[in-house]
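Residue-level structural notes
Listed below, chain by chain, are the residues.
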Amino acid sequence: MSVVAETAPSKTFRAGAFGNARVLVCRECSHEVDLGPHYACPECFGPLEVAYNFPHVTREEIAAGPANIWRYKALLPVPSDIEQSPNMEPGFTRLLKADNLGRELGIDNLWVKDDSTNPTNSFKDRVVACALSAARELGAKVFACPSTGNLANAVAAAGARAGIKTVVFIPSNLEQPKQVNSAVFTDRLVAVNGNYDDVNKLASEIAGEEEGWAFVNVNVRPFYAEGSKTLGYEIAEQLGWRLPDQIVIPVASGSQLTKVDKSFQELIKLGLVEDKPYRVYGAQATGCSPVSVAYKAATDAIRPVKPDTIAKSLAIGNPADGIYVLDVCRRTGGAVEDISDDEVRAAIVLLARTEGIFTETAGGTTVGVLKKLVETGQLDTTLETVVINTGHGLKTLDAVSDRVSAAATIEPTYSAFTAANLV
Ligand SMILES: *Cc1c(COP(=O)(O)O)cnc(C)c1O
Ligand SMILES: [Zn+2]
């Protein structure tokens, strides 16, 4: 298995290995490549994306499926017996009405899609489940990734459960909890002295040298990326088969945001929801905001940056799908916005105190950007709005540990309690 973009003989894969997926198609020039471990167009080096021959799919068929992402398997590049292979069964996470946060921000109709409750506590379990299926069907011997943390957790856990060898690469300055959350599942966690973009470069080099490695976000990236669509499918189904009017999504590489838009488009085409306008908003932290900067400058030229933010899971300085994020946000009438690390911290506490949801810095970024979009008049507060929480606060405790603490430390007596004057 090689990562170069030559055409692979698809007949070597078992029939139906990729479900209703038909081919990989270049996003730039529409050139088609057989399904396989390819991510770059052989004609123009543009990114490849999975295209399908969708069958007729009904709401009832989907609703009869399992309470995880495989209820949408007909719309994913996975075999029809995907549930039989050991996997983490992610997805179908809670869509919570967020009236308290809505009141606080002045939004009439607000929902939080809480993806922190996935098996390894981030949305990454969705994309990894699809990448794992592709790796298995392609006969990969090693399941690997460069990661800003959550992806490493998800890959290491899914590999353990599937019984496939994992190697995960992270920047060595990553938060300790995210390191432990990977190392507990694999004895091949590799800490690299460099930032994510350095780690990513190293991974691409290894992918080019080694045979039989499936790098989830490199050579099987088209399959990985499709997993993000399930976020959009779920939101629509949980709203009663209806698209929201506005949705706020964090942006690292930009894959998730792009695929949520793709999922809405597919639902419309399949007749599963009514066609209607919706606005997509992207959220970044100012210390790594190349897409937001380009959006505000009204240009397509995204200038790579060296990340400097506590939102490490979003700290991709050279976002592969950044240009498509700009396209989606502009086309739908949304926007891309960024906030400071202090605003990220404040938003983590705000979400916790209003809705009882402890998010990591990525979710703080998204909720904080939602607040800023309201304050700057970029979001319509009368429209139904969904904000995505992509990860769990227990992974980034340091971000708020000096903002929240015990209100008092007292002796174990009633008088000491009343003297502390807490209630
Ligand atoms: C990976 C990640 C994202 C988004 O990643 P994309 O590369 O933009 O798809 C968002 N939130 C968290 C917590 C993540 O780990
Ligand atoms: Zn091309």
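Residues numbered from 1 in each chain as written. Chains lettered and ligands numbered in written order. Predicted model: local features only at pLDDT ≥ 70, side-chain atom pairs only at ≥ 80, totals over all residues. Heavy atoms only, no water.

**A few points about the confidence of the model for the protein**
Taken over all residues, the pLDDT of the protein has a mean of 95, while the share at 70 or more is 97%. Under a pLDDT of 50 for its full length, residues 1–11 has, in the predicted model, 28 contacts with residues more than four places off or in other chains. (pLDDT = per-residue confidence, 0-100. Contact = heavy atoms within 4.5 Å.)

**Some remarks on the coordination of the zinc ion (ligand 2)**
Angles between donor atoms at a metal ideally measure 109.5 degrees for a four-coordinate tetrahedral arrangement and either 90 or 180 degrees for a six-coordinate octahedral one. Every protein donor of the zinc ion (ligand 2) is listed here as Cys26 (SG), Cys29 (SG), Cys41 (SG) and Cys44 (SG), and their distances to the metal cover 2.3 to 2.4 Å. Each of the four donor atoms around the zinc ion (ligand 2) contributes to a set of angles spanning 99 to 117°, which defines the coordination as tetrahedral. Here the donor residues of the zinc ion (ligand 2) are spaced in sequence according to C-x2-C-x11-C-x2-C. Pair noted here: Cys29 is in the loop between β1 (21–26) and β2 (32–33) and Cys41 is in the loop between β2 and β3 (48–52), with a separation of twelve residues, a long-range link. With a relative accessible area of 38%, Cys29 lands in the partly exposed category. (Donors = N, O, S within 2.8 Å, 3.2 Å for Na, K, Ca; no water. Tetrahedral: all angles 85-135°; square planar, octahedral: opposite > 155°, others 65-115°. Helix = DSSP H or I, 4+ residues; strand = E, 2+ residues; numbered from the N terminus. Buried < 20%, exposed > 50% of the residue type's maximum accessible area, 1.4 Å probe, protein only.)

**Digging into the sheet that holds strand β8 (residues 189–192)**
In sheet architecture, strand pairing relies on hydrogen bonds along the backbone and comes in two forms, parallel and antiparallel. Taken in spatial order, the four strands make up an open sheet running β8-β7-β6-β9, and their pairing is parallel. At either margin of the open sheet sits one strand with a lone partner, and together these are β8 and β9 (213–215). When strand polarity is set aside, the average angle formed by the axes of neighbouring strands in this sheet is 20°. With four bridges joining them, strand β7 (residues 165–171) and β8 adopt parallel strand pairing. Pairing of Pro171 across the sheet is with Val192, part of β8. (Pairing = 2+ DSSP bridges. Axes fitted to C-alpha atoms, helices over the stretch in contact; angles between N-to-C directions.)

**Here we look at the pairing of strand β12 (residues 335–339)**
β12 sits mainly inside the fold: five of its five residues count as buried. Neither face of β12 is exposed, since Ala335, Glu337 and Ile339 on one face and Val336 and Asp338 on the opposite face are all buried. Note that strand β11 (residues 279–285) and β12 share five bridges and pair parallel. Within β12, the residue paired with Ala283 across the bridge is Glu337.

**Notes on the domain arrangement of the protein**
Split by domain assignment, the protein resolves into domain 1 (1–53), domain 2 (95–121 + 228–399) and domain 3 (124–224). The C-alpha-based centres of domain 2 and domain 3 are spaced at 24 Å. Facing 27 residues of domain 2, the contacting portion of domain 3 comprises 19 residues. Where domain 2 abuts domain 3, roughly 1,800 Å² becomes buried across the two surfaces, and 44% of that area is made up of carbon and sulfur atoms. Among the residues of domain 2 in contact with domain 3, Thr120, Lys312 and Lys395 are the three that bury the most area, contributing 37% of the side total. On inspection of domain 2 and its partner domain 3, the count reaches twelve residue pairs in polar contact (both at pLDDT 80 or more). For the side of domain 2 that touches domain 3, the leading source of residues is helix α8 (residues 229–238), giving three residues. (Domains from an automatic or database assignment. Buried area = accessible area lost by both parts, 1.4 Å probe. Polar contact = N/O pair within 3.5 Å; in protein donor to acceptor, adjacent residues only side chain to side chain.)

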